[in-house]
Every structure is written in C-alpha cells, then in structure tokens.
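# Residue-level structural notes
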Amino acid sequence: MEMKNIDQILRAFRDDLPSKSQTAAAIDRGASLEEISELAEDEGLHKLASVLFEAEQEALREGAAAVEDPAEATDAFLHEVRKELPGDSRTAAAIDRGASWEEISETAEEEGLHQVASVLFEAEQEQLRAP
C-alpha cells in the first residue's frame, strides 16, 4: 500500500470525523501513522486503526526487504519510533539505553504502544527462526 493511498484513506476518514476528534487533529497535523492508529483505536475507529496498522506492517516488511539485515531494519524502525515518543516515556528510555527488543516490547505494551510491541515481537520471532 503506497503512502499516496494511505493519504487518500486518511482524507476520506477525516471528512467523516467530528472536529473535536483527537484522531482528526492528529491527521490534520500530519502525525505518524502509529499515533493516528492508536488514537483511532482509542476513539473506537477500529476499521481505520486496522487499515493503518496493516499499512505500517507492510511498510516495515518492504523496508526490511530493502535492508539486507532484518535486525538493522528493526533498529531503524526503533530509531523512527523514538523520535515520536515523549521524553518521559519508559519505552523511549529503554530504547535510549539500548535495552533488548524483548524489554522494549514489554515496556511498549505496558504503555499502550501495541504496534511497537507487535513489531518487536515479530522481529524477535524472526531472529529465533533464523539459522
């Protein structure tokens, strides 16, 4: 799913959202797909959250395919995620100190960053399956 398609989907959903919606505000300010997805989930917009989650997964897979080492792709993903996290986030602190993917995943899950936790869980599984 290309970013152009995602932008079209976001615009289509945005037109139907009330002006007080946090999801609408996030779309308007160009927030990350992860943030929009989490807000959509919080506001009960499960279809939008699901579409965005799938788009993120596809982008990560495509990014991982472009990078020879999947671990590098996961580290790059974490670097991008870190930019979006507030300074007082325990997940940010775990990333900053170079914690294991497992620890970052658990912390992310505790903080409600389910997509980050999911991506890290998948990366851990891939490493376990690798020869």
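So, how was this worked out
- Residues numbered from 1 in each chain as written.
- Predicted model: local features only at pLDDT ≥ 70, side-chain atom pairs only at ≥ 80, totals over all residues.
- Heavy atoms only, no water.
- Axes fitted to C-alpha atoms, helices over the stretch in contact; angles between N-to-C directions.
- Helix = DSSP H or I, 4+ residues; strand = E, 2+ residues; numbered from the N terminus.
- Parallel < 35°, antiparallel > 145°, perpendicular 65-115°, else oblique.
- Left-handed = near helix turned anticlockwise from the far one by under 90°.
- Contact = heavy atoms within 4.5 Å.
- Nonpolar A, V, L, I, M, F, W, Y, C, P; charged D, E, K, R; others polar.
- Expected span 1.5 Å × (residues − 1).
- Buried < 20%, exposed > 50% of the residue type's maximum accessible area, 1.4 Å probe, protein only.
- Salt bridge = Lys/Arg side-chain N within 4 Å of Asp/Glu carboxyl O.
- Arc of directions from axis to C-beta.
- pLDDT = per-residue confidence, 0-100.
- Core = buried A, V, L, I, M, F, W, Y, C linked by side-chain atoms within 4.5 Å.

Interhelical geometry of helix H7 (residues 101–110) versus helix H8 (residues 114–129) gives an angle of 155 degrees and a closest axis separation of 8 Å. In terms of orientation, H7 lies roughly antiparallel with respect to H8. In the packing of H7 onto H8, the handedness of the crossing is left-handed. Along its contact with H7, which presents Trp101, Glu102, Ile104, Ser105, Ala108 and Glu109, the element H8 presents His114, Val116, Ala117, Leu120, Phe121, Ala123, Glu124 and Gln127. Residues belonging to the contact of H7 with H8 are distributed by class as follows: eight nonpolar, three polar and three charged.

An α-helix turns once every 3.6 residues. As a result, residues three or four positions apart point the same way. Helix length check: H8 (16 residues) gives 22 Å between terminal C-alpha atoms against 22 Å at 1.5 Å per residue, within 8%. Residues Gln115, Val116, Ala117, Val119, Leu120, Ala123 and Glu124 constitute the buried set of H8.

To continue, consider the pattern of salt bridges. Overall, the coordinates contain six salt bridges when judged by the stated rule. With a shortest N-O distance of 3.0 Å, Lys83 and Glu80 are connected by a salt bridge. Of this pair, Lys83 and Glu80 both sit in helix H5 (residues 70–84), three residues apart, roughly one helical turn. Given a relative accessible area of 42%, Glu80 falls into the partly exposed group.

With that settled, the discussion passes to H7. Those residues of H7 that sit buried are Trp101, Ile104, Ser105, Thr107 and Ala108. Looking straight down H7, one finds its buried side chains confined to an arc of 170 degrees; they lie on one side. Gly112, located one to two residues past H7, shows a positive phi value of around 85 degrees.

Segments scoring low in pLDDT should not have their predicted coordinates read at a detailed level. Looking at the protein, pLDDT values average 82 and 89% of them are 70 or higher. The spread of mean pLDDT over the elements of the protein runs between helix H1 (residues 3–15), the lowest at 72, and helix H6 (residues 90–96), the highest at 94.

The next thing to look at is the environment of Val81. Structurally, Val81 can be placed in helix H5. Its relative accessible area of 5% is what places Val81 among the buried residues. Non-local contacts of Val81, meaning those with residues more than four positions away in its chain, are made with Glu34 and Val116.

By size, the foremost hydrophobic cluster in this structure holds 18 residues, and its most contacted members are Leu78, Leu85, Trp101, Ile104, Val116 and Leu120. Where this core is concerned, the elements lending two or more residues are H5, H6, H7 and H8. Of the residues forming this core, the biggest block, five residues, is contributed by H8. With residues up to four places along the chain from it excluded, the contact list for Trp101 reads Ala71, Thr74, Asp75, Leu78, Leu120, Ala123, Glu124 and Gln127.

Moving on, we come to the packing of helix H3 (residues 33–42) against H8. The N-to-C vectors of H3 and H8 enclose an angle of 120 degrees; their axes lie 9 Å apart at closest approach. On the basis of their axis angle, the class for H3 and H8 is oblique. Across from Glu34, Ser37 and Glu38 in H3, the residues of H8 making contact are His114, Gln115 and Val116. Tallied by class, the residues present in the contact of H3 with H8 amount to one nonpolar, three polar and two charged.

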